[in-house]
Amino acid sequence: MNAHVLPPKQAAAAENTSSSRKKSAKLERTGPGALFIVVGCILLVVICLFPFWWMSLSSIKTLRELYTIPPIWWPTAPTLDNYYKVLFESNIPRYFLNSVIISVGSTVLALCLAVFASYGFARFDFKGKSLFQAFVLVGQLLPTAAIIVPLFVTLRVLGLVNTYWGLILVYMIITLPLSVWMLTSYFKALPVELDEAAIIDGASRVGVLFRITIPLSTPGIVAVVVYSFVTTWNEFIFALCFASDSSVKTLPIGLAEFSTEFNTDWGAVMAASVVMTLPIALLFMSMQRLFVGGLTAGATKG
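It should be emphasised that the depicted structure is a prediction, and the values quoted were computed from it without experimental measurement.

A.B. asks: Could you give me a rundown of the overall build of the protein chain, with the residues and numbers involved?
C.D. replies: Check the secondary structure of the protein chain and you find 15 helices and zero strands. Taking all 302 residues of the protein chain together, 35% fall into the buried category. Within the protein chain, contacts between residues at least 6 apart in sequence are counted, and of these 75% link residues at least 24 apart. Counting only carbon and sulfur atoms, one obtains 71% of the accessible surface of the protein chain, whose full area is about 18,400 Å².

Structure follows, in structure tokens:
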């Protein structure tokens, strides 16, 4: 037992060597390379946050300050007139409600279909499986201009132009392909043995999906929810073509209404942009960890 015990001098020398290695490793982590990375990250954050910061400041500026050259970095007389105009003198509150209904509806519908389709692709082998998966991804590659006319004709035949359901179905078509792809990759990463053990215990395939697969796939499902919601919340072209009635118009269309042929009310545009951006910012902040985890798992596993 005592043969492995170092003498006091050798033990002290070994301890000093270990501490010097730790110090050198710490210096490497805090050296010029680490400083460069930190500075780069700070610069990236500033670049990303600057548009939102400038938009927020512009929303509380007066009309004279908005058109001052060179621009005023901080308003000398902050005002909430722009927010009053947006919230009480325009249709933005109605458009906000429309965006919430349409975005939530299309996200829920796309998620339900994506869960079942992805589970089928991940757990079953059937004839033409690869072909079906390719068709799903091809739908994501089609340009917007190529599908506007066919979708409009279809919605007009079904009587869904200027309706919530029309935009919900269109947005579901847009977000479903990538949602299926992300969830399929995530489901494939889960061990098949979990499904087999549950089936041996008497669970059905649907029971396995809802009791085991979905609870274990929360990050992937959150990633799909955030992606679908943000895509539909910010979409402009389809809403412009399929929703000409004020009762169905969404927030992006409301922003465009502040610009006329002869003038643009930039103060109202900035205030409405802040109102439109806040829900998305809150959604990202509340689900950031799960969203990033779901994206990385869906991209690297499978």
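A.B. asks: Account for the pattern of salt bridges, naming residues and giving values.
C.D. replies: When the charged atoms of two side chains with opposite charge come close together, those side chains can pair. What the rule picks out here adds up to five salt bridges. D265 serves as the salt-bridge partner of K85, at 2.8 Å between the closest nitrogen and oxygen. Separated by 180 residues along the polypeptide, K85 in helix α4 (residues 81-88) and D265 in the loop between α13 (251-256) and α14 (266-286) bring together distant segments of the chain. Across the pair R123 and D195 runs a salt bridge, and its minimum N-O distance is 2.8 Å. Taken together, the residues R123 in helix α5 (residues 92-123) and D195 in helix α9 (residues 192-200) connect sequence positions 72 residues apart. Summarising the burial analysis for this pair, R123 and D195 share the class buried. Because the salt bridges share partners, they merge into one network encompassing R123, D195 and R205.

A.B. asks: Break down the packing of helix α6 (residues 129-141) against helix α8 (residues 164-189) for me, with residues and values.
C.D. replies: Relative to each other, α6 and α8 sit at 135°, their axes nearing to 7 Å. The angle between α6 and α8 places the two elements in the oblique class. When the axes of α6 and α8 are compared, the crossing they make is left-handed. For the pair formed by α6 and α8, the contact residues are Q133, V136, L137, G139 and Q140 on the first element and I174, P177, L178, V180, W181, T184 and K188 on the second. For the contact of α6 with α8, a count of residues per class yields seven nonpolar, four polar and one charged.

Parameters and conventions
Residues numbered from 1 in each chain as written. Predicted model: local features only at pLDDT ≥ 70, side-chain atom pairs only at ≥ 80, totals over all residues. Heavy atoms only, no water. Helix = DSSP H or I, 4+ residues; strand = E, 2+ residues; numbered from the N terminus. Buried < 20%, exposed > 50% of the residue type's maximum accessible area, 1.4 Å probe, protein only. Contact = heavy atoms within 4.5 Å. Areas by Shrake-Rupley, 256 points an atom, 1.4 Å probe, with all protein chains shown as cover. Salt bridge = Lys/Arg side-chain N within 4 Å of Asp/Glu carboxyl O. Axes fitted to C-alpha atoms, helices over the stretch in contact; angles between N-to-C directions. Parallel < 35°, antiparallel > 145°, perpendicular 65-115°, else oblique. Left-handed = near helix turned anticlockwise from the far one by under 90°. Nonpolar A, V, L, I, M, F, W, Y, C, P; charged D, E, K, R; others polar.

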